[in-house]
Structure formats: C-alpha cells, structure tokens
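Fold and geometry: a report
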Amino acid sequence: MLGVAMLAQIGSSFLHQGLPSLGPLFQAEWALSRGELGVVLGAINVGVLLASVAAGQLVDRVGERGPMALAPAGAGVLAVLASLSPTPWLLTLALVAVGGFVALAAPSGGKATLLWFPPRVRGLAMSLRQTAVSIGGVTAALVLPPCAGAFGWRGALLVAGGIGGLGALVALALYREPPHSGPLALREGMGWRAIPYLLHDRSLTATLLLGPLLVAGQWTVLPYLTLFLYERFGWSVSESARYLALAQLGAIIGRVAWGVASDLVWNGRRKPA
C-alpha cells in the first residue's frame with residue numbers, strides 16, 4: 001500500500017516538480033520576463049493553496065482511494081489541456097487547475113500512511129511516501145527536457161499527462177482500505193467547523209507558521225535553478241535540468257534520514273525533528 005501511495009504521488013507530482021525544467025522554453029516561446037515566468041511556474045502552487053482545505057475535507061468524507069486516484073488523473077488530463085494553451089495566461093490558468101488536483105495527493109496519501117502504519121515506524125513510512133514527490137521531480141527533470149527537445153514543450157506536457165494517468169490506474173487497481181478501517185472511520189471529519197478547533201492546537205499553528213519558511217526556500221531554488229544555469233553558463237536545457245534533478249535527489253535522502261531519526265533518535269516524538 002505504501003508503494004501504491006508513492007506511485008500515485010509520483011503521478012501527481014511529475015508535472016508539479018518537473019515544470020521548472022521547461023522554464024527556459026516557456027520564456028523563449030513568449031519572450032517572458034523572469035517575473036512573468038515566475039507567475040507561470042508558481043501557478044500550480046496557487047491551485048494547491050486554494051484547494052488544499054477542501055481536498056482534506058473530501059478525503060475525510062469519502063476515504064483515500066478515490067482522491068488518491070483522482071489526483072494524478074485530474075493533473076494528467078489538465079496537463080494535456082495545458083499543452084494546447086495559445087497564450088502564457090491560458091497556460092497559467094490551466095496550471096492553477098492542475099494544482100487543484102495535486103492538492104488531493106497529500107491528504108489522501110498521508111492519511112493512507114497514518115492508517116496503514118503504527119506509530120513506531122510511521123516517521124519512516126511517511127518519509128518514504130514523501131520521497132515520491134522528489135522522485136517525481138528527479139524523473140521529470142531528466143525526462144521532460146529531452147521530450148521537449150524532440151516534441152517541443154507541448155509534447156513534454158503530454159508525456160506528463162500520461163504519467164499522471166498511469167498513477168491513477170495504479171491507485172484504482174491496487175489500493176485497498178486497511179483492515180481495521182471501516183466506513184465510519186473514513187468519514188469521521190467534522191467539516192468546516194473543525195477549522196477553528198484545529199487552529200487552537202499550538203503545535204499545528206507552529207507548523208503552519210514554519211511551513212512557509214521551508215517551502216519558500218524550496219520554491220526559490222526550483223523555479224529558477226534551470227534558468228540560471230541556462231542563462232549564466234549557456235548550458236542546454238537538458239544539462240541545466242540535471243542539476244535540478246540533483247537538488248531533488250538531496251530532498252529524497254533528507255526525507256528518509258529525518259524520518260528514520262524521528263522514529264529512532266527521538267522515539268516517535270516529531271517536534272525535535
């Protein structure tokens with residue numbers, strides 16, 4: 001089940017994490033400024049932001065399997081539609097819609113991990129599931145630029161759409177609910193009225209404040225690393241994107257290491273990690 005959740009997450013994250021490797025091609029297509037390119041490359045994150053709370057509510061109400069499959073399926077279909085965009089602004093809107101489906105991946109895969117694994121190994125299990133985000137990024141950074149070289153960036157988006165479709169098929173075919181989880185457990189959410197209650201939890205509030213600092217660092221590097229190497233050193237898009245893959249590889253190693261540390265060094269206490 002962990003492998004299924006990972007493959008579904010890879011299908012959802014492939015375009016999300018790999019899109020920056022195509023940044024120089026978007027810029028060349030429409031003579032975008034760096035700021036305009038940042039809007040395009042950040043569009044998926046806008047969709048994730050807008051849809052995340054509703055996505056979590058949906059997972060609580062209907063369970064993990066449907067949303068886990070819907071996330072890569074929707075992202076894949078909209079990646080195909082994005083490939084048809086005649087202007088950068090329509091591309092941006094299509095990518096915001098992609099983000100709306102990507103938002104389903106984290107709560108569905110995360111809740112599946114919580115239900116399938118006991119606390120003593122949950123840090124490792126969760127970190128392995130989260131490596132799927134960066135595995136998708138590594139793979140996309142290595143695959144999308146050569147595809148773009150052969151078929152243009154529109155063809156690369158079609159490939160990303162196909163990867164999303166495969167992730168959805170895996171989730172539909174192989175995921176099953178854990179044996180100790182019945183329909184009532186899957187629908188235990190309190191709805192929107194739970195939000196004020198949750199925000200009274202100081203640990204959750206601290207996480208909400210810390211998270212943007214970490215993500216800001218990540219998304220400062222990801223969108224512009226390929227463009228910087230492409231402009232500064234005159235490397236090809238494919239060669240520049242290999243360094244994007246290298247940055248994602250560091251994220252994979254770090255996720256597993258910190259997950260193991262939270263289980264073994266801190267004995268399941270997550271705050272020190």
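Residues numbered from 1 in each chain as written. Predicted model: local features only at pLDDT ≥ 70, side-chain atom pairs only at ≥ 80, totals over all residues. Heavy atoms only, no water.

A look at the overall build of the chain
Our working rule: Helical segments are the DSSP runs of H or I of at least four residues, strand segments are the runs of E of at least two, and each set is numbered from the N terminus. Only protein chains enter the area calculation, which uses a 1.4 Å probe; residues under 20% of their type maximum are buried, those over 50% are exposed, and those in between are partly exposed.
When helices and strands are tallied, the chain shows twelve helices and zero strands. Starting at the N terminus and walking to the C terminus, you meet the elements of the chain as α-α-α-α-α-α-α-α-α-α-α-α. Across its three principal axes, the chain shows a C-alpha extent of roughly 55 × 35 × 35 Å. Per-residue burial over the chain gives 44% buried out of 273 residues.

Structural notes on helix α3 (residues 34–41)
Note: α-helices contain 3.6 residues per turn, so residues at a spacing of three or four share the same orientation. As a reminder of what qualifies: It is the directions from the helix axis to the C-beta atoms that the arc portrays. Contact between two residues is taken to exist if any of their heavy atoms lie within 4.5 Å; hydrogens are not considered.
Among all positions in α3, only Leu 37, Val 40 and Leu 41 are buried. Buried residues of α3 fall within an arc of 90° about the axis and therefore sit on the same side. For α3, the secondary structure elements touched by its buried residues are α2 (23–30), α4 (43–62), α6 (88–102) and α11 (202–233).

Notes on the packing of aromatic side chains
Going by this rule: Only Phe, Tyr and Trp rings are paired, with Trp represented by its six-membered ring, and only when their centres lie within 6.5 Å; those with planes under 30 degrees apart are stacked, over 60 edge-to-face, the remainder tilted.
One pass over the structure, following the stated rule, counts six aromatic pairs. Between Phe 228 and Phe 233, the aromatic rings sit 6.2 Å apart at their centres with planes inclined by 85°, giving edge-to-face as the arrangement. What makes Phe 228 partly exposed here is its relative accessible area of 39%. Between the aromatic rings of Phe 233 and Trp 235, the centroid separation amounts to 5.0 Å while the plane-to-plane angle is 25°, which identifies the pairing as stacked. Residue classification places Phe 233 among the partly exposed positions, given a relative accessible area of 47%. Overall, Trp 235 belongs to the partly exposed group, its relative accessible area being 24%. Among the aromatic side chains, those forming a connected cluster through ring pairs are Phe 228, Phe 233, Trp 235 and Tyr 243.

Looking at the packing of α2 against helix α8 (residues 119–174)
Here is the rule we go by: Whenever a helix is involved, its axis is fitted only over the stretch in contact; in every case the axis is a line through C-alpha atoms, and angles between N-to-C directions fall within 0 to 180 degrees. Handedness of a crossing is defined here by the sense of rotation of the near helix relative to the far one, left-handed for an anticlockwise turn of less than a right angle and right-handed for a clockwise turn. When residues are sorted by character, Ala, Val, Leu, Ile, Met, Phe, Trp, Tyr, Cys and Pro go into the nonpolar class, Asp, Glu, Lys and Arg into the charged class, and all the rest, Gly among them, into the polar class.
Relative to each other, α2 and α8 sit at 65°, their axes nearing to 11 Å. For the crossing formed where α2 meets α8, the hand is right-handed. Contact residues: Leu 25, Phe 26, Glu 29 and Trp 30 in α2; Ala 148, Trp 153 and Arg 154 in α8. Looking at the contact of α2 with α8, its residues break down into five nonpolar, no polar and two charged.

Points about unusual backbone geometry
Phi angles above zero are rare outside glycine, and Ala 31 is one such case at about 50°. The topology assignment puts Ala 31 in the loop between α2 and α3.

Focus: helix α5 (residues 65–82)
What counts, and what does not: Here a helix's expected span is defined as the number of its residues, less one, multiplied by 1.5 Å.
With 18 residues, α5 extends 26 Å from end C-alpha to end C-alpha; this agrees with the ideal 26 Å at 1.5 Å per step. Turning to α5, the residues buried within the fold contact α1 (2–18), α4, α6, α7 (105–116) and α8.

Remarks on the nonpolar core
Going by this rule: Nonpolar core, defined: a set of buried Ala, Val, Leu, Ile, Met, Phe, Trp, Tyr and Cys residues in which side-chain atoms within 4.5 Å join the residues together.
Of all hydrophobic cores here, the largest spans 36 residues; its most connected members are Leu 15, Phe 26 and Leu 95. Of all the secondary structure elements, the ones that give two or more residues to this core are α1, α3, α4, α5, α6 and α8. At eight residues, α8 tops the list of elements feeding residues into this core. Grouped together as the second largest cluster of nonpolar side chains are eight residues, Val 4, Ala 8, Ala 112 and Ala 171 included.

What to know about the pattern of salt bridges
Just so we agree on the cut-off: The rule for a salt bridge is simple: a side-chain nitrogen of Lys or Arg has to be within 4 Å of a carboxyl oxygen of Asp or Glu.
According to the stated counting rule, one finds three salt bridges in the structure shown. For Glu 231, the salt bridge is made with Arg 34, and the minimal N-O distance between the two is 2.9 Å. One end of the pair, Glu 231, is in helix α11; the other, Arg 34, is in helix α3, and 197 residues separate them in sequence. Note on Glu 231: relative accessible area 36%, which makes it partly exposed.

Brief notes about the confidence of the model for the chain
Low-pLDDT stretches of the model should not have their predicted coordinates read in fine detail. As a reminder, the rule being used: The predictor attaches a confidence to each residue, called pLDDT, with possible values from 0 through 100.
In this model, the chain carries a mean pLDDT of 91, and residues with pLDDT of at least 70 account for 96%. Per-residue pLDDT, averaged within each element of the chain, yields its smallest value for helix α9 (residues 183–186) (44) and its largest for α6 (97). In this model residues 182–187 is a low-confidence stretch, pLDDT under 50, and it forms 14 contacts with partners more than four residues away in sequence or in other chains.

Some thoughts on the environment of Thr 139
Applied cut-off: What qualifies as a polar contact is a pair of N or O atoms within 3.5 Å, subject to a donor-acceptor requirement within protein and to the restriction that residues adjacent in sequence count only when both atoms come from side chains.
Take Thr 139: it is sitting in helix α8. For Thr 139, a relative accessible area of 32% corresponds to the partly exposed category. For the pair Thr 139 and Ala 82, spaced 57 residues apart in the sequence, the C-alpha separation amounts to 20 Å. A polar contact of 2.8 Å, which involves the side chain of Thr 139, links it to the backbone oxygen of Ile 135.

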